[in-house]
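Examining the three-dimensional arrangement
Letter by letter, the chains look like this.
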Amino acid sequence: MLGPAARLAVRRFNEIRQVFRQSPQASRSFSTALNYHIDTPDNNPDMPWEFSASNKEKVKEILSHYPSNYKQSAVIPLLDLAQQQHGGWLPVSAMNAVAKIVEVAPIRVYEVATFYSMFNRSKVGKYHLLVCGTTPCMIRGSREIEAALLKHLGVERNEVTKDGMFSVGEMECMGCCVNAPMITVADYTKGSEGYTYNYYEDVTPERVIEMVEMLRKGEKPPRGTQNPGRINAGPEGGNTTLLGEPKAPPCRDLDAC
Ligand code: FES
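What you see is a predicted model; the values in this text were computed from it and never measured. (Residues numbered from 1 in each chain as written. Predicted model: local features only at pLDDT ≥ 70, side-chain atom pairs only at ≥ 80, totals over all residues. Heavy atoms only, no water.)

1. Quick notes on the pairing of strand β3 (residues 182-187)
Selection criterion: Note on classification: 1.4 Å probe, protein chains only; a residue is buried when its accessible area is under 20% of the maximum for its type, exposed when over 50%, partly exposed between these limits. By definition, any uninterrupted DSSP run of H or I lasting at least four residues is a helix, any uninterrupted run of E lasting at least two residues is a strand, and each is numbered from the N terminus. Any two strands are treated as partners once DSSP identifies two or more bridges connecting them.
Within β3, six of the six residues are buried, which leaves it mostly tucked inside the rest of the structure. The alternating pattern of β3 places M182, T184 and A186 on one face and I183, V185 and D187 on the opposite face, and all of these are buried. When strand β1 (residues 127-132) meets β3, the two strands line up antiparallel, connected through five bridges. Pairing of L129 across the sheet is with V185, part of β3. Here six bridges tie β3 to strand β4 (residues 196-201), and the two strands are oriented antiparallel to one another. Bridging from a neighbouring strand, A186 pairs with Y197 of β4.

Structure representation (structure tokens):
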């Protein structure tokens, strides 16, 4: 038999659950695509996958950083290389290839690939646009940034445009809050040789659309802050403190002692 406090708690829980059921907007949307695997024609363990000849050299170089009895320490850089080679995502056969190289059971590699949100378990666009969704960026308008991108590209979050060029995902804080809101562009257009992962800061809904159109034309928007009034992460309009030469620290005259 529940006491009055427990009954009240159950009633509140049911009320909140009802609100979430009735309003899809009220439920939390997940930043990454779902991480379970279902065999498909382009993602199954029978699909042959191996590193390219030039990447096999990089694999050797990566392994050389670790003791030979700790090959599994190389799992993250090897998955990263595999993802770059495979156009931005990791099919199960690529993860199996990495497991074979580092001599662990495949599940040990799946665990890593599904834990870190920079590893994509389903297809992404040649340009994967990642909007920071954490509080400072959210307060500065990241939801409007994401909405503008999704509307302009005609996709949902984690969906790829029909021409395969773009996808939009979400990341948590990327350590650039001083220039919030910001997005990252992972560029897989040139495979692992020309892969880049650049930050674009102080963005606005209009600016991210301009950037998408520049990327579509093969142009490179300038990295970093998109606010012309600011240098790097400095204050807009110039410095307001630390304007003169710094004074030397006070120092005791040792000869006078
Ligand atoms: S909250 Fe967006 S970079 Fe920190």
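Next comes the rest of the account.
2. Brief notes about helix α2 (residues 53-63)
What counts is decided by this rule: Taken from the helix axis, the directions to the C-beta atoms give the arc we talk about. The criterion used for residue contact is that any of the two residues' heavy atoms lie within 4.5 Å.
Taken residue by residue, α2 has N55, V59 and I62 as its buried positions. Here the buried residues of α2 occupy an arc of 65 degrees about the axis, which is enough to place them on one side. In α2, the exposed residues that point more than 90 degrees away from the buried face are A53 and K60. For α2, the elements touching its buried residues are α3 (75-85) and α4 (92-102).

3. Considerations on unusual backbone geometry
With omega at 0 degrees, the peptide bond leading from A180 into P181 counts as cis. Mapped onto the secondary structure, P181 falls in the loop between β2 (166-171) and β3. In this structure, D202 is a non-glycine residue whose phi angle is positive, near 55 degrees. Structurally, D202 is set in the loop between β4 and α8 (205-216). For D202, a relative accessible area of 10% corresponds to the buried category. Phi is positive for L242, close to 55 degrees, though the residue is something other than glycine. Mapped onto the elements, L242 comes out in the segment after β5 (224-225). What makes L242 exposed here is its relative accessible area of 80%.

4. What about the packing of aromatic side chains?
Basically, it comes down to this: The pairing test for Phe, Tyr and Trp rings, Trp by its six-membered ring, is centres within 6.5 Å, and the orientation test on the planes gives stacked under 30 degrees, edge-to-face over 60, and tilted for anything in between.
Taken as a whole and assessed by the stated rule, the structure comprises four aromatic pairs. Ring geometry for Y127 and F166: centres 5.5 Å apart, planes at 25 degrees, overall stacked. Of this pair, Y127 sits in strand β1 while F166 sits in strand β2, and the two are 39 residues apart along the sequence. Residue classification places F166 among the buried residues on the basis of a relative accessible area of 0%.

5. Focus on the UniProt feature "binding site: [2Fe-2S] cluster" (unreviewed entry) in the chain
To be explicit about the condition: UniProt positions are given in the numbering used here, feature names are shortened, and annotations may be inferred rather than shown by experiment.
Under the feature "binding site: [2Fe-2S] cluster" (unreviewed entry), the UniProt entry names C132, C137, C173 and C177. A maximum C-alpha distance of 9.3 Å among these annotated residues, which run over 46 residues, shows that they cluster at one spot. In this fold, C132 is placed in strand β1. Once residues lying within four places of it in the same chain are set aside, the contact partners of C132 are C137, S142, M171, E172, C173, M174 and M182. Here C173 lies in the loop between β2 and β3. With residues up to four places along the chain from it excluded, the contact list for C173 reads C132 and T134.

6. Quick look at empty space enclosed by the protein
Heads up, the condition is: The method works on a 1 Å grid over the protein atoms by themselves. A cavity is a set of points holding a 1.4 Å probe that cannot get out, a pocket is an open set with protein on both sides within 12 Å along at least five of seven lines, and residues with an atom within 4 Å of a point line them. Grid points are joined across faces, edges and corners, and a volume is the space filled by probe spheres set on the points. Under the scheme applied here, ten amino acids are nonpolar (Ala, Val, Leu, Ile, Met, Phe, Trp, Tyr, Cys and Pro), four are charged (Asp, Glu, Lys and Arg), and all others, including Gly, are polar.
Enumeration according to the criterion identifies one cavity of 30 Å³ or more in this entry. Taken as a whole, the largest cavity encloses approximately 50 Å³ of empty space. For the largest cavity, the full set of lining residues is Y127, V185, D187, T196, N198, Y200, L215 and K220. At the level of elements, β3 and β4 are the ones that each hand at least two residues to the lining of the largest cavity. When residues in the lining of the largest cavity are grouped by element, the largest group, three residues, is from β4. Of the residues that constitute the lining of the largest cavity, the class distribution is four nonpolar, two polar and two charged.

7. A short note on the sheet that holds β3
Across the sheet, five strands lie side by side as β2-β1-β3-β4-β5; this open sheet has mixed pairing. Of all strands in the sheet, those bounded by a partner on one side alone are β2 and β5.

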